[in-house]
Amino acid sequence: MNREILFRGWNDKHNKWLYGYYVNSQGFSIIITENYEEECTLENVLVNIKTVGQYTGLKDTHGKDIYEGDIVSIGNNLKAVVIWFNGSFRFKDELSCKATYFEDMGVMMRDYDVCIIGNIYDNPELLKGGDE
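Residues numbered from 1 in each chain as written. Predicted model: local features only at pLDDT ≥ 70, side-chain atom pairs only at ≥ 80, totals over all residues. Heavy atoms only, no water.

You can see Ile 49 is positioned in the loop between α1 (42–45) and β4 (53–59). In the structure, Ile 49 is positioned 20 residues away from Ser 29 in sequence and 5.9 Å away in space, judged by C-alpha atoms. (Helix = DSSP H or I, 4+ residues; strand = E, 2+ residues; numbered from the N terminus.)

Written out as structure tokens, the structure reads:
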């Protein structure tokens, strides 16, 4: 497998997502971005560990990188969250009582249009079907 191992995490100080390489050292979670030398202060690269998600190596129908924690629409009538489960990235149907896990993101993406519609941090209302 030949893919970049990239992550994203939320920087509370600047209220923005950082994308790059993840480091967790001495209790600090940081994302080293392409502009790391310019941003070289801890407060500029520090991220909330609860928001860190890995890049799956896959892109949605529109060419957007898919990360853990993204909420996607699959086909015409399914919403799912991208999770890491049993050693692979999978789609979890968050609206079903059964909490269905699809076995293979690649197969689902080959057979259906998959579009990122948000993520669990910025758009939690999407998981409730808009009821909140």
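Following the structure, the description resumes.
Attention shifts here to the pattern of salt bridges. Any two side chains of opposite charge can pair, given that their charged atoms come close. The full count for this structure, using the stated rule, is three salt bridges. Notably, a salt bridge pairs Arg 8 with Asp 70, separated by 2.7 Å at the nearest N-O pair. With a gap of 62 residues between them, Arg 8 in strand β1 (residues 7–11) and Asp 70 in strand β6 (residues 70–74) connect regions that are remote in the sequence. Like Arg 8, the residue Asp 70 is buried in the burial classification. Residues Asp 65 and Lys 59 are paired through a salt bridge, measuring 2.4 Å at the closest nitrogen-oxygen approach. By relative accessible area, which is 27% here, Asp 65 ends up partly exposed. (Salt bridge = Lys/Arg side-chain N within 4 Å of Asp/Glu carboxyl O. Buried < 20%, exposed > 50% of the residue type's maximum accessible area, 1.4 Å probe, protein only.)

Two aromatic rings, taken as a pair, are described by how far apart their centres are and by the angle between their planes. The final tally for this structure, using the stated rule, is six aromatic pairs. Measuring from ring centre to ring centre gives 5.5 Å for Phe 7 and Tyr 22, while their planes differ by 45 degrees; the resulting arrangement is tilted. With Phe 7 in strand β1 and Tyr 22 in strand β2 (residues 16–25), this pair connects stretches of sequence that are 15 residues apart. Residue class for Tyr 22 comes out partly exposed when judged on its relative accessible area of 25%. Look at Trp 17 and Tyr 121: their rings are 5.8 Å apart centre to centre, the planes differ by 55 degrees, and that puts the pair in the tilted class. Taken together, the residues Trp 17 in strand β2 and Tyr 121 in the segment after β9 (114–119) connect sequence positions 104 residues apart. Relative accessible area serves as the criterion here: at 30%, Tyr 121 is assigned to the partly exposed category. Through a chain of ring-to-ring contacts, three or more aromatic side chains come together here, namely Trp 10, Trp 17 and Tyr 121. (Phe/Tyr/Trp six-rings, centres within 6.5 Å; stacked < 30°, edge-to-face > 60°.)

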